[in-house]
Amino acid sequence: MRLSARCFSSDPVHTARPAQGTKIQRTISIPHQPTAQVVLVRSRGVAAFSSHSAQKFLHQQGDCLKRDDLFEPMNPMAAERRHQLVRTTENIHTHVPKIKMELEGSSVQDDPHVNLMMAGSTLRKVKSRSWKKQRHFRLLEDGLTIWYKSRWAGKGHSTFSVMDVEVVREGHQSEVMLSIAEEFPEELCFTLVFHGRQGNLDLVANSAEEAQAWIQGVRKLIHKAQTMDEQERQDQWVRDWFQKADKNKDGKMNFKEVKKLLKMMNVEMNEDHALHLFTMADKCESGSLEIEQFVHFYKMLTQRDEVWKVFQDYSGDGEKLTLEELENFLRLEQGEGDQSSQHAQELIQRYEPSETAMDPSSMSLEGFQMYLCSQEGSIFKPELLELHQDMSQPLSHYFISSSHNTYLLEDQLRGQSSLEAYIQALKRGCRCVEVDCWDGSDGEPIVYHGHTLTSKILFKDIISTLKDYAFKVSDFPVIVSLENHCGLEQQTVMAKHLRHILGDMLLTAPLDGQIPQQLPSPQELRGKILLKAKKIGGLETCLDETLTDEVSDEDEMANGDAESPSTEDPPEQTTNKKSKLSRELSDLVVYCKSVHFHGFEHARSQAKCYEMSSLSESKAKKLAKEAGSDFVQYNTQQLCRTYPSGLRTDSSNYNPQDMWNVGCQIVALNFQTAGLEMDLNDGLFRQNGCCGYVLKPGFMRDGSGRFSPERPEDRQDYRPLRLSIQVISAQQLPKVNQKEGSIVDPLVRVEIYGVPQDQAKEETSHINNNGFNPVWNESLNFIVHAPELALVRFVVEDHDKASRNDFIGQFTLPFTCIQPGYRHIHLLSKDGTAIPPSSVFVNISISEFV
């Protein structure tokens, strides 16, 4: 007796085959003929058709009429789900030619540049002036994977996806390429720059034509990947899995390959159930699946029962959502209110794949799932991803994305100093970079972490890099935090480079020629680079043109970035010893004059708005705990920079939330070090167009306010909120251990970061051996006292009872950016890059806490 199985989970539901003589009737719509239907009647084991054309249609589709599972009775709920699946897979036949066409030759793959990539080229891979090796590169048939190997490497090879490449640079546009500029002309050279912290790939072609073919070909493939719609992304995902499963590259996939595929997809499935799905997809019983059958198999494998249940709650006929039903869902579940009517129509137009469903303005299950998995269905409010905040307030009213030891790619003892580190930080939206300057042996200032083994780069090269990359991601101002260890002569050289290289980009005088009473706004400073450093006198003396060339020890302490105990906590008594400061360099400091921090009382009575202090993490934490409300008030008028302890020689980070809680604007982090702290930083600055500036909450901009992070309930407009998160399921989680047969045991943890009362963590139980479609249906609840400051971090881990859990993925966002309702959380890697299609499906509600 053959058994049928539900395709919506890994647990088979068994139903018996009907006894002989039982008559069963099924109705199936014929693609391209909306009014034509096939009526299948089985009696005494014989299948009959309602028309000759119907019989011909099914034969053309390869349905060999021996499929017992097509006619088996089910309980009503299982039957309804199967009917939904049949309706979905019937549309596959109209979609398969598109997939085959794209596999065999789409418009991009007809391109001569892409054709050359697919034929392959021998290119030089360059790591340094002394390391240049030949490697054979070629684009695989999927049109996205680039494969390469050494001719001596035997079977060993490497691959990467075009989707991992951010940009292609032509010529000598990397430090490595500049080092070999005399050996290889720039028309042969190009650099692939990857997303996240992955290093560049520098390549040299044998001819200018070959270099251009790869440059233009990769650019076209990147553009194609970036402009895919939801359906195309899903199709690409299907093709990717087919390529991975088809080990012998014969265009077919046998059951042995399917079993390996399931392990690759991070799912543990009963072999009988896997065989059943395979048999259902193998319509002609050939023992293997071609691409059409594989699409069928994939649809069954990824059918999601939890989405189907939500769909059923609002669907009157169980097959579609009418416009009114979709409006009800958006209003009642997604919290859209009055705008649900217009939005429902837009969603149908955008995500409904079936033209027959779109015609009467309705949405099928497939369209509904596509919407939920899209950016509009994600947890982050789409409108807050765009630049939307008021950018006309003083600089002190914004949190500013800031980097510490920006020049380093690794730790601060032996790490490499690199121009790429500045490029990477600026690409992430960083608006304050650090430059540690020392005297160079040939009269040119150098940058490195002083008195360590970190490598050295030229100051002028960093300034050139800033000119090229400062405003590619954001046009709001960049602050250069200068740690100056140079003598007078090379300080003057630095000033010359700043003026000559940056030109009009460099701000050298107050905007209106007046002494400011408050700092200018990001809007007013668009496209400008500001220097933060010591200054001789103030803006007043500068405007009077009465300058001296010496500063006292007290001003010397102002730098504060030397990070030794003597500068973090300087002695109370100082001598009158003078140290030299270049007048030319001092003139370039306008709105960011470094001064020593004398206390909040001194700042209230004497400080100027353009004066700012740098505080170590320990000093800032101490001040926050002892005088939180004073710290908040201080930061309404002046900029404050915090930086990691000098003891963090591994370039680890401190928790930036502690500093944001008291309004510190420039919370400098080691961008080169991935982890929780950078997740929080990326999460905060993901909003507002990733421009690097986020407007502080109103109660942190009011100079007369007395907000204290230790007592948020004392705030006049105190309104705590309840956050309830139902963690429903996850989809296609990446494997942590690539060892064959290894399957993850996932759990989801939700972490709240904010004022001390809001710090909290809750997690689900773990699911054994299922990283493909684990289901929890567990609720986690939180009370948030200062939601305007809170960040919410979703973390997925692989449970390990014997040791520490392994990280799988995370996503962090501000509490104020959360969309309530049924939402998908699209996970990011530890490096902060996307790992599609991995996601967590949740239902979120936010309500007032009484």
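Up top you'll find the structure we're talking about.
Everything numeric here is computed off the predicted structure, so don't read it as measured data. Within each chain, residues carry numbers counting from 1 in the order of the written sequence. The model is predicted, so local features are restricted to residues of pLDDT at least 70 and side-chain atom pairs to those at 80 or more, both for listing and for counting; the totals for chains, interfaces and linings are taken over all residues. The side-chain figures draw on all heavy atoms in the structure; neither hydrogens nor water molecules are used.

Undergrad: Help me out: how do you make sense of the pattern of salt bridges in this one?
TA: A side chain with one charge can pair with a side chain of the opposite charge if their charged atoms come near. Whenever Lys or Arg places a side-chain nitrogen within 4 Å of a carboxyl oxygen from Asp or Glu, that contact is recorded as a salt bridge. Counted under the stated rule, the structure contains 30 salt bridges. Across the pair Arg350 and Glu376 runs a salt bridge whose closest N-O atoms are separated by 2.4 Å. You can see Arg350 sitting in helix H13 (residues 340-351) and its partner Glu376 sitting in the loop between helix H15 (365-373) and helix H16 (382-385), a full 26 residues away along the chain. For Glu376, a relative accessible area of 17% corresponds to the buried category. Residue Glu788 is joined to Arg715 by a salt bridge in which the shortest nitrogen-to-oxygen separation is 2.8 Å. You can see Glu788 sitting in the loop between strand E31 (775-784) and strand E32 (791-798) and its partner Arg715 sitting in the loop between strand E27 (693-695) and strand E28 (721-731), a full 73 residues away along the chain. For Arg715, a relative accessible area of 9% translates into the label buried. What counts as a helix is a DSSP run of H or I of at least four residues, what counts as a strand is a run of E of at least two, and both are numbered from the N terminus. To sort residues, take the accessible area from a 1.4 Å probe on protein chains only and compare it with the maximum for the residue type: under 20% means buried, over 50% means exposed, and anything in between is partly exposed.

Undergrad: Just to check I follow, could you spell out the sheet that holds strand E9 (residues 189-194) for this structure?
TA: Sheets are built from strands that pair by backbone hydrogen bonding, the pairs being arranged parallel or antiparallel. Paired strands are those between which DSSP finds at least two bridges. What the seven strands build is an open sheet, ordered E7-E6-E5-E4-E10-E9-E8; its pairing is antiparallel. Two strands bound the open sheet, and with one partner strand each, they are strand E7 (158-161) and strand E8 (165-170). Going from strand to strand, the sheet's axes swing by 35° on average, the running direction of each strand aside. Direction of pairing for E9 relative to strand E10 (residues 201-204): antiparallel, over a ladder of four bridges. Opposite Phe190, over in E10, you have Leu203 as the bridge partner. Against the sheet, helix H4 (residues 112-119) makes contact with strand E4 (121-126), strand E5 (132-139) and strand E6 (145-149), and its axis sits at roughly 115° relative to E5, the strand it touches most. Each axis is a line fitted through C-alpha atoms, taken for helices only over the stretch in contact, and angles between the N-to-C directions span 0 to 180 degrees. In what follows, a contact means two residues having at least one pair of non-hydrogen atoms within 4.5 Å.

Undergrad: I keep staring at the side chain of His404 and nothing clicks. Help me out?
TA: The residue His404 is located in the loop between strand E15 (398-403) and helix H17 (419-427) in this model. In this structure His404 comes out as buried when scored by relative accessible area, which is 0%. Pairs of N or O atoms within 3.5 Å make up the polar contacts considered here, provided that, within protein, one atom can donate a hydrogen while the other can accept it, and that residues adjacent in sequence are counted only when both atoms are side-chain atoms. Within the local environment of His404, its side chain forms a polar contact with the side chain of Asn670, the two groups lying 2.9 Å apart.

Undergrad: Sorry if this is basic, but what is going on with the environment of Leu676 here?
TA: Within the fold, Leu676 resides in helix H28 (residues 676-685). When its relative accessible area of 25% is taken as the criterion, Leu676 is described as partly exposed. Once the C-alpha coordinates of Leu676 and Asn653 are considered, the two residues, 23 residues apart in sequence, prove to be 8.8 Å apart. Apart from the residues within four sequence positions on either side, Leu676 is in contact with Glu751, Tyr753 and Arg793.

Undergrad: Before we go on, may I ask you to explain helix H25 (residues 617-626) in this structure?
TA: The α-helix winds at 3.6 residues per turn, so residues separated by three or four positions along the chain end up facing the same way. For H25, the full list of buried residues reads Glu617, Ala620, Leu623 and Ala624. The arc that holds the buried residues of H25, viewed along the axis, is 130°, so those residues lie on one side. The outward face of H25, more than 90 degrees from its buried face, is lined by the exposed residues Lys622, Lys625 and Glu626. In this structure, the buried residues of H25 make contact with helix H24 (600-606), strand E24 (611-616), helix H26 (628-637), strand E25 (640-643) and helix H27 (657-660). Regarding the arc, it is the one traced by the directions from the helix axis to the C-beta atoms.

Undergrad: When you look at a positive patch on the surface in this model, what are you seeing that I'm missing?
TA: Residues Lys247, Lys249, Lys256 and Lys260 make up a contiguous surface patch of positive charge. Tracing the backbone shows Lys249 in the loop between helix H7 (230-245) and strand E11 (253-254). Accessibility expressed as a relative area gives 54% for Lys249, which makes it exposed. The residues that make up patches have over 30% relative accessible area and no salt bridge, and they are joined within 9 Å when like-charged or within 5 Å when they are Val, Leu, Ile, Met, Phe, Trp or Tyr. Residue burial considers only the protein chains on display, and all accessible areas are found by Shrake-Rupley using a 1.4 Å probe. In summary, the charge assignment counts Lys and Arg as positive and Asp and Glu as negative, without counting His or the chain termini. Lys charges are placed at NZ, Arg charges at CZ, Asp charges at CG and Glu charges at CD.

Undergrad: Explain the packing of H4 against helix H6 (residues 208-226) here, please?
TA: How two helices sit against one another is set out by the angle between their axes and by the gap between those axes. Running from N to C, H4 and H6 point in directions that differ by 105°, and their axes come no closer than 8 Å. Judged by the inter-axis angle, H4 sits roughly perpendicular to H6. For the pair H4 and H6, contact is made by His113, Val114, Leu116 and Met117 and by Ala213, Trp214, Gln216, Gly217, Val218, Lys220 and Leu221, respectively. Polar here means any residue other than Ala, Val, Leu, Ile, Met, Phe, Trp, Tyr, Cys and Pro, which are nonpolar, and Asp, Glu, Lys and Arg, which are charged; Gly is therefore polar. When its residues are assigned to classes, the contact of H4 with H6 shows seven nonpolar, three polar and one charged. Orientation labels follow simple angle bins: below 35 degrees gives roughly parallel, above 145 gives roughly antiparallel, 65 to 115 gives roughly perpendicular, and whatever is left gives oblique.

Undergrad: Where do I start with helix H19 (residues 488-502) in this structure?
TA: By this rule the span expected of a helix is its residue count minus one, scaled by 1.5 Å. Over its 15 residues, H19 extends 21 Å from the first C-alpha to the last, a length consistent with the 21 Å expected when each residue adds 1.5 Å. The set of residues buried in H19 consists of Gln490, Gln491, Val493, Met494, Ala495, His497, Leu498, Ile501 and Leu502.

Undergrad: Help me out: how do you make sense of the environment of Thr406 in this one?
TA: Along the chain, Thr406 falls in the loop between E15 and H17. Taking the C-alpha atoms as reference, Thr406 lies 7.1 Å from Asn670; in sequence the two are 264 residues apart. Filtering out sequence-adjacent residues up to four positions away, Thr406 remains in contact with Ala421, Tyr422, Ala425, Val433 and Glu434.

Undergrad: Explanation requested: unusual backbone geometry in the structure shown.
TA: A negative phi angle is the norm for most residues apart from glycine, just as the trans form is the norm for most peptide bonds. Along the chain, Pro836 connects to Pro837 via a cis peptide bond; the corresponding omega equals 0°. Phi at Asn688 takes a positive value of approximately 60°, unusual for a residue other than glycine. Positionally, Asn688 belongs in the loop between H28 and E27. In this structure, Asn769 is a non-glycine residue whose phi angle is positive, near 50°. Residue placement: Asn769 occurs in the loop between strand E30 (760-763) and E31.

Undergrad: I would appreciate a short explanation of the pairing of E24 in the present structure.
TA: A regular strand places its side chains on the two faces of the sheet in alternate fashion. Of all six residues making up E24, six are buried, and the element is well covered by its neighbours. Of the two faces of E24, the one holding Glu611, Ser613 and Leu615 and the one holding Met612, Ser614 and Ser616 are both buried throughout. Of the strand pairs in this sheet, strand E23 (residues 589-594) and E24 are connected by two bridges, and their pairing is parallel. Looking at the pairing, Lys593 lines up with Glu611 of E24. In terms of strand pairing, E24 meets E25 through four bridges, oriented parallel. Looking at the pairing, Ser616 lines up with Tyr643 of E25.

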